[in-house]
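A look at the structure
The residues making up each chain are set out below.
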Amino acid sequence: WVDLYKTLRGKGMEVDNTLWADIYSRPNYIKGRYQLADLIPKAEEQFPTSIPERIPIIGRFFKASEKAFVGSALRMRLGVFDRFLEMQKDLGLDIDNPRVIKDTGRLALQMTARSKLGKPGQALLSHYILWAPRMVKSAWDTMALPFSADITPFARKQAAYNLLRFIATVAVIKGTAETFIPGSTTNDPRSTDFKSIKIGDTRFNFGMGELSIITLASRLLPTTHDGEWGFWYVNSKGKYIKMEGKYGQRTPFDFAIDFLANKTHPSARVLV
């Protein structure tokens, strides 16, 4: 909020100087640990361009939101990394071991929506096709990282805690809504309303990209309904529909394309 306020007052440079002075003075930066863990990006993917800053009046609000977002994202990411590294030091682990540093960074990146994509196609995906692909990858890593074979035991344990926290959070949200308004939620991942609270005809989406991935997977894999196997989904009216490939009927491929199209830049959406 301080960053937001100062930028709106025209003190964006002061905001930048304060942020980077803090980062550059941290022991983990001075010792090169942040760099090895690849925690400091050239730009946050949610703000791929600064062109809107040139729009009179509106541009200042865009710039202020960018400063607030980038500053909070970096502080969170580095703070998570610092905390996990401190925990490992207390456990007697070698925090200068490159593998420990990289896996701690991998955990911090996943928890702050910036998981690595891997080098093949990274630039193409990030800059020209997908919007915020690292955020999607982070949602996937929430579920996959605890079962990764190439990660240190400490990082795997913390990733498992994160997965349990995610499950508990979803359970609390759904359970609370269901207690006050019975029938407002569904636990069937094939449903359109799996990640929503439905009150009448109004839906309140409580986000979490992990839920979107779970819904997509449940529609792309054969499941059963009333003892019948097939590709099923539940529409907005709660009706179970089997995708049988009939003319005009939705298919698993359609759901996959819809998911991809919703994650793309407007310019790439036409191509998809």
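None of these values were measured; they are calculated from a predicted model.

About the cut-offs
- Residues numbered from 1 in each chain as written.
- Predicted model: local features only at pLDDT ≥ 70, side-chain atom pairs only at ≥ 80, totals over all residues.
- Heavy atoms only, no water.
- Pairing = 2+ DSSP bridges.
- Helix = DSSP H or I, 4+ residues; strand = E, 2+ residues; numbered from the N terminus.
- Buried < 20%, exposed > 50% of the residue type's maximum accessible area, 1.4 Å probe, protein only.
- Contact = heavy atoms within 4.5 Å.
- Salt bridge = Lys/Arg side-chain N within 4 Å of Asp/Glu carboxyl O.
- Polar contact = N/O pair within 3.5 Å; in protein donor to acceptor, adjacent residues only side chain to side chain.

1. Examining the pairing of strand β1 (residues 196-199)
Sheet faces and side chains relate simply in a regular strand, where the side chains alternate between the two faces. Two strands pair when backbone bridges link them, and β1 and strand β2 (residues 202-205) are joined in this way by 4 bridges, in the antiparallel orientation. Across the sheet, residue isoleucine 199 finds its bridge partner in β2, namely threonine 202. The hairpin turn running from β1 into β2, its antiparallel successor, is 2 residues long, and glycine 200 in that turn takes a positive phi close to 65°.

2. Side note on the environment of leucine 93
Summarising the element assignment, leucine 93 is placed in the loop between α5 (58-90) and α6 (98-111). Note on leucine 93: relative accessible area 38%, which makes it partly exposed. Taking the C-alpha atoms as reference points, leucine 93 and isoleucine 40, 53 residues apart in sequence, are found 24 Å from one another. Apart from residues no more than four positions distant in its own chain, leucine 93 is found in contact with Gln88 and Phe154.

3. Topic: the pattern of salt bridges
Evaluation of the coordinates by the stated rule reveals 16 salt bridges. For the salt bridge of arginine 190 with aspartate 188, the shortest nitrogen-to-oxygen distance reads 3.0 Å. No difference in accessibility class separates arginine 190 from aspartate 188, as the two residues are buried. Across the pair arginine 203 and aspartate 193 runs a salt bridge, and its minimum N-O distance is 2.4 Å. Of this pair, arginine 203 sits in strand β2 while aspartate 193 sits in the loop between α9 (153-180) and β1, and the two are 10 residues apart along the sequence. Among the ionic contacts, a cluster of salt bridges with common partners joins Asp22, Arg26 and Asp82.

4. What about the side chain of serine 196?
With respect to the secondary-structure elements, serine 196 resides in strand β1. Judged by its relative accessible area of 6%, serine 196 falls in the buried class.

5. Topic: unusual backbone geometry
We note that aspartate 38 has phi near 60°; this positive angle belongs to a residue other than glycine. With respect to the element layout, aspartate 38 can be found in the loop between α4 (33-37) and α5. Relative accessible area serves as the criterion here: at 39%, aspartate 38 is assigned to the partly exposed category. The backbone of isoleucine 57 shows a phi angle near 65°, a positive value even though the residue is not glycine.

6. Looking at the environment of threonine 186
Of note, threonine 186 is situated in the loop between α9 and β1. The class of threonine 186 is partly exposed, set by a relative accessible area of 21%. Spatially, the C-alpha atom of threonine 186 lies 26 Å from that of leucine 145, the residues being 41 residues apart in sequence. A polar contact of 3.2 Å, which involves the side chain of threonine 186, links it to the backbone nitrogen of aspartate 188.

Shape descriptors only; they carry no functional weight alone.
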